[in-house]
Amino acid sequence: MTSRILIRPREYHDSVRLMRASEAIRQESGVTEAMAMMATVNNKKILDTSGLLTDAVKAANPDDLIIAVIADTEEAAERAVAAAQSFLSQKVQSGQQTLQPRSVDAACALNPAINMACISLPGVYAYREAKRALELGLNVFLFSDNVSREDERKLKELAQEKNRLLMGPDCGTALINGVGLGFANAVRKGKVGLVAASGTGTQEISSLLDWLHCGVSQAIGTGGRDLQHDIGGLTMLQGLAMLAADHGTDVIVVTSKPPSPEIAEKIIAFCSRQTKPVVINFIGQSITGQKGNITFTSTLAETALTAARLLNSSCELPHLSSADTNKFMQTARAARKPSQRYLRGLYAGGTLCYEALFLLREQLGGIYSNLEHGAYELKDLFNSKEHTIIDMGEDAYTEGRAHPMIDPSLRNQRILREAQDPDVALLLLDLVIGYGAHENPAAQLAETITQARAITQADGRDLPVIVTICGTENDIQNYEKQAEQLWAAGILVAGNNAEAVTLAGHYLETLND
Amino acid sequence: MTEQQPSPLFEQTLSVVNIGIDLFAETLRQQSVDVVQVQWSPPATQNEDLMNLLDSLL
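Just so we're clear, the structure is a prediction, and the values are computed from it rather than from any experiment.

### With respect to the overall build of chain B
A tally of helices and strands in chain B yields two helices and two strands. Mapped from its N terminus to its C terminus, chain B presents α and β elements in the order β-α-β-α. Counting across all 58 residues of chain B, residues that qualify as buried make up 45%. Carbon and sulfur atoms make up 49% of the accessible area of chain B, which totals about 3,100 Å².

Spelled out as structure tokens, the structure:
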């Protein structure tokens, strides 16, 4: 067994490309482990666990590329490193486009029709590129996180001055003129316009609207911090004005984690002045009911349903049959060991995770999470404690690697780890499909759950699993095909996140009866 | 802001420049959207003053 490490200073590749390169070189004969990654702090930890943290790796900078290989022989290691270099030197396939500009300016010179910049660079470089794009008169979809609040504010003010839209930073999803940006779903065109400070919140609502035969006119992402005091809801207010004036939008939906109180007031005041009906879902706040043209809702599913009803849709939300629910409950209760008392929720979608936490927090008497602050903040991100629900799309898990919607390997490892814990009563998971997501995540998840159940069964335990799929039948992965694979693996597939969470809460609650 | 005309974005055909993750350009091509991928690399220096000076000269 031998190892080989190559460091290429200041050679940048994005995390998805590096994940694909790693997968490709692992297929080389004689290779046991292979990693192509940027030298971030997180990635150095991963190299350390494989015994590859040499002094040179320790000294490398986050914008240096590392190719690390463990192989049976020197020759195999050499071949794998060469294969990695060859893979990464290939130009990206760009359809008919043969020229690859090296800047936004050059791209705009090449194609003057460009009106949107999609930016997903590491945060430290994102501000500069976003600012330049705005100066050139482009709208910006800013996927990058780790942009400072001060820079966010400056970008949003510049966007307003230029009368352009800046979605983000940390904007996961948008649907503009029928085009999905970032992680989006194939949703039918319709009359509901969304402005959202949450990525998977938009995906859940828009997918459910598709199910309800309504569809979406536009979905504008604002970035998660837009409704906080220091940003002032700048993008949200701009987006609301755009939707209010848009002839293709009849109903407006607003969704966000709880805003700063004064910003919430501003948003509500703006909405109340519009003639169109507005549905507001401030996740984590128990405001419901109606005030003039505004309806307040408490879950993402209820938000989609309320918007659909305003458009006279009589369709029902997707939901489990009572036969399936009862069978699940009975089987899970019958096979349960007394030690199995705790819920483990492992989410890829941040807003779906937040909704689960909000809906279950009081019911289960406290849940540890990386989204919590104070007593229930999960200090050790790699070990669960009692009831735990985690957002595995958070920076601490994703720095220098692909998001779990693209690369589910970190969550799969965590599932196997949870299976070893005799206290685990139930796994609650999401599966997000659509543009940008893994090509067949259900197959990987089903395989992982089968492995997890082999672990629990060897210990005389069962492992009940509830999954919510966020997506549509028109997504490339296809909702039905994904659901079938999960059902075949003995996993309960709920109709939406709120249903999955409610059922999980009900099961956990009855354990104490 | 409310006095400003709303952005004309909804009236336009989307044409995108992608800077960063190639995958997002791929997903746009799947949707038959015109997209140009930038072959980006980190700037040689992160000295913001120097970069701003260069910007003003170019």
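The rest of the description comes next.
### Let's talk about the sheet that holds strand β2 (residues 31-38) of chain A
Within a sheet, adjacent strands bond to each other through the backbone by hydrogen bonds, running parallel or antiparallel. Residue and element names in this part refer to chain A. Ordered in space as β1-β3-β2, the three strands form an open sheet in which the pairing is antiparallel. Whereas interior strands pair on both sides, the edge strands pair on one side only; in this sheet they are β1 (2-8) and β2. Pairs of neighbouring strands in the sheet enclose a mean axial angle of 10 degrees, with direction left out of account. Relative to strand β3 (residues 65-71), β2 runs antiparallel, the two sharing seven bridges. Bridge pairing links Met37 to Ile66 in β3. Against the sheet, helix α2 (residues 41-49) touches β2 and β3, its axis set at about 165 degrees to β2. Across the sheet, helix α4 (residues 74-89) is in contact with β1, β2 and β3; its angle to β3 comes to roughly 150 degrees.

### Some thoughts on the UniProt feature "domain: CoA-binding" (unreviewed entry) in chain A
Residues annotated in UniProt with the feature "domain: CoA-binding" (unreviewed entry) correspond here to residues 189-282 of chain A. Helix and strand shares over residues 189-282 of chain A are 39% and 27% respectively, and the end C-alpha atoms of the span are 25 Å apart.

### Digging into the interface of chain B and chain A
Taken residue by residue, the interface counts 42 residues in chain B and 65 residues in chain A. Summing the contributions of chain B and of chain A, the shared interface buries around 4,900 Å²; its carbon and sulfur component is 60%. Considering only the side of chain B, the residues that lose the most area to chain A are Phe10, Gln39 and Trp40 of chain B, jointly responsible for 16% of the buried surface there. Applying the counting criterion to the chain B and chain A interface returns two salt bridges. Among the salt bridges present, the one from Arg17 of chain A reaches Asp22 of chain B, with a minimum N-O distance of 3.5 Å. At the boundary of chain B and chain A, one finds 19 residue pairs in polar contact (both at pLDDT 80 or more). Of all the elements in the fold, those that place two or more residues in the side of chain B that touches chain A are β1 (15-19), α1 (22-30), β2 (34-37) and α2 (48-57) of chain B. Ranked by the residues each element gives to the side of chain B that touches chain A, the list is headed by α1 of chain B, at eight residues.

### Remarks on the packing of helix α8 (residues 199-211) of chain A against helix α11 (residues 300-310) of chain A
Describing two packed helices takes the angle between their axes plus the distance from one axis to the other. Residue and element names in this part refer to chain A. Relative orientation of the contacting elements α8 and α11 amounts to 40 degrees, with a least axis distance of 9 Å. Taken together, the axes of α8 and α11 are oblique relative to one another. Read as a crossing pair, α8 and α11 show a hand that is right-handed. On the side of α8, the interface is formed by Gly201, Glu204, Ile205, Leu208 and Leu209, while α11 contributes Leu300, Ala301, Thr303, Ala304, Ala307 and Ala308.

Calculation rules
- Residues numbered from 1 in each chain as written.
- Chains lettered and ligands numbered in written order.
- Predicted model: local features only at pLDDT ≥ 70, side-chain atom pairs only at ≥ 80, totals over all residues.
- Heavy atoms only, no water.
- Helix = DSSP H or I, 4+ residues; strand = E, 2+ residues; numbered from the N terminus.
- Buried < 20%, exposed > 50% of the residue type's maximum accessible area, 1.4 Å probe, protein only.
- Areas by Shrake-Rupley, 256 points an atom, 1.4 Å probe, with all protein chains shown as cover.
- Pairing = 2+ DSSP bridges.
- Axes fitted to C-alpha atoms, helices over the stretch in contact; angles between N-to-C directions.
- Contact = heavy atoms within 4.5 Å.
- UniProt positions renumbered as here; feature names shortened; annotations may be inferred.
- Buried area = accessible area lost by both parts, 1.4 Å probe.
- Salt bridge = Lys/Arg side-chain N within 4 Å of Asp/Glu carboxyl O.
- Polar contact = N/O pair within 3.5 Å; in protein donor to acceptor, adjacent residues only side chain to side chain.
- Parallel < 35°, antiparallel > 145°, perpendicular 65-115°, else oblique.
- Left-handed = near helix turned anticlockwise from the far one by under 90°.

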